[in-house]
Amino acid sequence: MSQLSERPEKAVVGQSMPHESAVQHVTGTALYTDDLVARTKDVLHAHPVQVMHAHGRITALRTEPALAVPGVVRVLTGADVPGVNDAGMKHDEPLFPDEVMFHGHAVAWVLGETLEAARLGAEAVEAHLDELPSVITLEEAIAADSFHGARPVMETGDIDAGFADSAHVFSGEFQFSDQEHFYLETHAALAQIDEAGQVFVQSSTQHPSETQEIVAHVLGLSSHEVTVQCLRMGGGFGGKEMQPHGFAAVAALGAKLTGRPVRLRLTRTQDLTMSGKRHGFHARWRIGFDAEGRIQALDAGLTADGGWSLDLSEPVVARALCHIDNTYWIPNARVTGRIARTHKVSNTAFRGFGGPQGMLVIEDIMGRCAPLLGLDPMELRERNFYRRGHTTPYGQPLTQPERIGAVWDKVRENGAVAERRREIEAFNAAHPHTKRALAVTGIKFGISFNLTAFNQGGALVLIYKDGSVLINHGGTEMGQGLHTKMLQVAATTLGIPLHKVRLAPTRTDKVPNTSATAASAGADLNGAAVKNACEQLRERLLQVAGTQLGAPAADVRVVEGVARALGSDRELAWDDLVRTAYLQRVQLSAAGFYRTEGLHWDAKSFHGSPFKYFSHGAAAAEVEVDGFTGAYRVRRVDIVHDVGDSLSPMIDIGQVEGGFVQGAGWLTLEDLRWDAGDGPHRGRLQTQAASTYKLPSFSEMPEEFHVELLENATEEGAVYGSKAVGEPPLMLAFSVREALREAAAAFGPPGTPVELASPATPEAVFWAIEAARASAPRADRAGRAETEAPVGA
């Protein structure tokens, strides 16, 4: 076992711990970015000047009326920017645009003594617009050939030969919805300027280093003149990876120009209408199976709705292509990707980052094709699992294909799937207007950033002469428990009790050039960096301890805060050891660093090994559907998930539960609607609040919910043998959607194929039921393939 994955005796990692801020969360004492306003003197408030048209060029912007509003201090426009007027990394996102690109685009910001003054000032600004044609839907973008960014192509094998060898060929298309992040805390920033002109920004951001970079280039400064801190976030889910930068830059610009602190916090409606979502996708596909139902070839084209600018759309599409295989071996494949340019908010990262979209396509194909092949969907899935020696369509070998079957078999055992399916069959026979179904789906999700350079992490660990320890790392806390794990990693590596360690807020002046807390890599990268820093300190302290104990340093162990030499009864308490080291002038601080090894990726050929490892999981979901309304309930869910050797089991189980529920929301409830008509509100988001956008709540939770972490699952080469947990569980919710498909099919003749919209709202389920009821018996469909449509992007 490698040094990185090996655990010492009496390790603090692996113990179930409460979230390090749990008490503050439930008592309301945890501070978030906007809470700091009350502690800051003379704060100005920022409010956007939004233009409520989908597309048009600004012909005049009159700010004078705003300055006449009592309490308005300044109006920020593009003319005020001393550096680069751009909030993105692709230089296609002007911070103060002269062309409105979506309904609600902010063209200026008003600073006021109060938020109400700023709001009234924003209403007074006059923006004159020359309206231009707009593209709102994916269908419109495809018809208009409106695309931007790269168009990757992933190829393996010979798809022509694969289709020629196929006994069954089916084709179809599938469009599925985007998803709103709906974090509890909206986008927020608080900027201040000190006496030396240094800029300090408190930001609700998953990527402080990039926020620092954007603020610096907007202000025309160097990065060392800007410090960004993130105390914690009230949720992020990817929505705060790229999109906080512009809001932080507006606050910083206001502070620079006025000399006063500036606070910017979006209202819920502003956040919903101004920030990007999960990318909705359109897919066209053609698939071939042999006589036994094994995949022979796949030809697919994926089109993502990127919105008005690129943001992270290119890597999102790349990851979608890399995950279209999910758990299935596809020997011959050609998959293309492209990004539609629409006049909507710029879509961005969201938990799974394109992986869910790619995996949903293949799971939809399997669910639709199983009845056409005369196979049970579970059987079709099992027959196509990856095996030892297989490689992905982009050329990465699978090192743990047996875990796909391991979690699958375990969840079937835990959920008594075979027995319950017999019970469901009997129930359905006795209930003509209510049907139940139980579906099992699995996942294989790659862990690492697609861009190899992002796979690095840093940390700074300080030991004070009283023996207390302070750790800084580059990851941000958004409720996922990363800080809790880092405390456990530090305590384990140093061999001391957890209470000896404290964690400082994430700041760019402590750990520089960090990657975003994203791609589920937060614990892998930052944990290994914390461990590296602590190992440096431990080695120095072991030299001191060896001298004091009269033994070689290699024979000294620090366990539970006490240093002992092997074969000796002599002891040295941690506090005494540290004090002695200080008196001997031993350095008690260390900067840690980690880079993920073994990654290589050629974006042009779309080939390589972009992932350190794969996370696996399986879920069995049982649903009950009402045949009159399409309403349904989730009766029971069983999950077995692979997190390696968990760093913090209670945290990880919470992540699995939360990810699953968020995935179920995307697939079954959350239905973003945009006005695509030709009226005055074209391009307007119609679902602007929780009253019109259905979020999963307690009532959508499974009535029975069982989560188990895979045992004996050490991940060699990862920090203390653990695996990532943040994103993969979201895709376990495919089981709910597939159960709904099978329940709808149960209203028709045996073997009825069902096409199910996504999200599978009760309305969508009802129309699927109606289609199943009208379906011909399977005997009438024998040998008939779906109409083949051209595939391509």
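The numbering scheme is per chain: residues are counted from 1 as the chain's sequence reads. Only residues with pLDDT of at least 70 get local features here, since the model is predicted, and only at 80 or more are side-chain atom pairs given and counted; chain-wide, interface and lining totals rely on the full set of residues. To get the side-chain values, all heavy atoms of the structure are used, and hydrogens and water are removed first.

Chemist: Sorry, what's going on with the overall build of the chain here?
Modeler: Scanning the chain from terminus to terminus reveals 19 helices and 29 strands. All radius of gyration figures rest on C-alpha atoms, and the globule criterion is 2.2 Å times the number of residues raised to 0.38. Here the C-alpha radius of gyration of the chain, 28 Å, is about what a compact globule of 793 residues would show, namely 28 Å. When accessible area is computed with a 1.4 Å probe and restricted to protein chains, residues below 20% of their type maximum are described as buried, those above 50% as exposed, and intermediate ones as partly exposed. The burial tally for the chain puts 62% of its 793 residues in the buried class. Look at the contacts in the chain between residues 6 or more apart in sequence, and 81% of them connect residues 24 or more apart. Total accessible area on the chain stands at roughly 29,000 Å², and carbon and sulfur atoms take up 51% of it. Computing the positive centroid from 73 side-chain charges and the negative centroid from 97, the chain places the two 3 Å apart. Secondary structure is summarised from DSSP: a helix means a run of H or I of at least four residues, a strand means a run of E of at least two, and numbering begins at the N terminus for each. We call two residues in contact when some of their heavy atoms are within 4.5 Å. In these tables, accessible area is a Shrake-Rupley quantity obtained with a 1.4 Å probe, and a residue counts as shielded only by the protein chains included in the view. In summary, the charge assignment counts Lys and Arg as positive and Asp and Glu as negative, without counting His or the chain termini. Working definition for charges: the position is that of NZ of Lys, CZ of Arg, CG of Asp or CD of Glu.

Chemist: Which parts of the structure should I look at to understand the packing of aromatic side chains?
Modeler: Working definition: rings of Phe, Tyr and Trp (its six-membered ring) pair if their centres are within 6.5 Å, and the pair is stacked with planes under 30 degrees apart, edge-to-face with planes over 60 apart, and tilted otherwise. Tallied over the full model, the rule gives 16 aromatic pairs. Geometrically, the ring pair formed by Phe170 and Phe289 is tilted, given 6.2 Å between the ring centres and 55 degrees between the ring planes. A residue pair is termed long-range when its members are at least 10 positions apart, and Phe170 in strand 8 (residues 168–176) and Phe289 in strand 13 (residues 281–289) qualify at 119 residues. For the pair Phe170 and Phe289, a shared accessibility class is recorded, and that class is buried. Three or more aromatic residues link up through ring pairs in this structure, and these residues are Tyr394, Trp601, Phe606, Phe611 and Phe614. Consider the ring centre and the ring normal. A charge sits over the ring if Lys NZ or Arg CZ is within 6 Å of that centre and within 35 degrees of that normal. If you follow Arg278 out to its NZ or CZ, it ends over the ring of Trp666, 4.8 Å from the centre. A cation sits over an aromatic face here: Lys435 above Phe747, 5.9 Å from the ring centre.

Chemist: I tried to follow the environment of Leu321 on my own but got confused; where do I start?
Modeler: Position of Leu321 among the secondary structure elements: in helix 9 (residues 313–322). Residue classification places Leu321 among the buried positions, given a relative accessible area of 0%. In this structure the C-alpha to C-alpha distance between Leu321 and Gly627, which are 306 residues apart in sequence, comes to 36 Å. Leaving out residues up to four positions away in the same chain, Leu321 has contacts with Pro152, Met154, Leu302, Val335, Thr336, Gly337 and Phe606.

Chemist: Would you mind showing me how to read the sheet that holds strand 28 (residues 632–641) here?
Modeler: The strands making up a sheet associate through hydrogen bonds between their backbones, and the pairing can be parallel or antiparallel. Pairing within the open sheet is mixed, and its four strands lie in the order 16-27-28-29. Each edge of the sheet is formed by a strand with only one pairing partner; in this case those strands are strand 16 (434–447) and strand 29 (704–709). This sheet shows a mean twist of 15 degrees between the axes of neighbouring strands, independent of strand direction. Pairing between strands is defined by DSSP: at least two bridges between them are needed. Bridge analysis of strand 28 against strand 29 gives six bridges, and the strand direction is parallel. Paired with Val640 across the bridge in strand 29 is Glu708. Fitted lines through C-alpha atoms give the axes, limited to the stretch in contact for helices. The angle between two N-to-C directions lies from 0 to 180 degrees.

Chemist: What is the right way to look at the nonpolar core in this model?
Modeler: Here is a general trend for soluble globular proteins: nonpolar side chains tend to be buried in one another's company. Counting residues in each nonpolar core, the largest one holds 106 residues, and the members touching the most others are Ile287, Phe289, Leu302, Val625, Ile639, Phe660 and Leu740. A per-element tally of this core places helix 10 (residues 355–373) first, with nine residues. Buried Ala, Val, Leu, Ile, Met, Phe, Trp, Tyr and Cys residues form a nonpolar core when they are joined through side-chain atoms within 4.5 Å. Membership of the second largest hydrophobic core comes to 56 residues, among which are Val461, Ala490, Val501 and Val719.

Chemist: Just checking my understanding: could you explain the pairing of strand 14 (residues 295–307) for this structure?
Modeler: A regular strand places its side chains on the two faces of the sheet in alternate fashion. Most of strand 14 sits out of view: 13 of its 13 residues are buried. Hairpin remark: strand 13 followed by strand 14, antiparallel, with five residues in the connecting loop; positive phi at Gly293, about 90 degrees. Think of it like this: strands point away, you trace from the first strand over the helix to the second, and a clockwise trace means the crossover is right-handed. One crossover worth recording links strand 14 to the parallel strand 15 (residues 333–341) by way of helix 9, and it is right-handed.

Chemist: Honestly, the pattern of salt bridges in this entry has me stumped. Any pointers?
Modeler: Side chains that carry opposite charge are capable of pairing whenever their charged atoms lie near each other. Salt bridge, as used here: a side-chain nitrogen of Lys or Arg that lies within 4 Å of a carboxyl oxygen of Asp or Glu. Applying the stated criterion across every chain yields a total of 54 salt bridges. Ionic pairing is found between Glu535 and Lys531, a salt bridge with its closest N-O pair at 2.5 Å. Taken together, the positions of Glu535 and Lys531, both in helix 15 (residues 522–549) and four residues apart, correspond to about one turn of that helix. On the accessibility criterion, Glu535 (14% relative accessible area) is buried. We classify Lys531 as buried; its relative accessible area is 3%. Residues Arg633 and Glu703 are paired through a salt bridge, measuring 2.5 Å at the closest nitrogen-oxygen approach.

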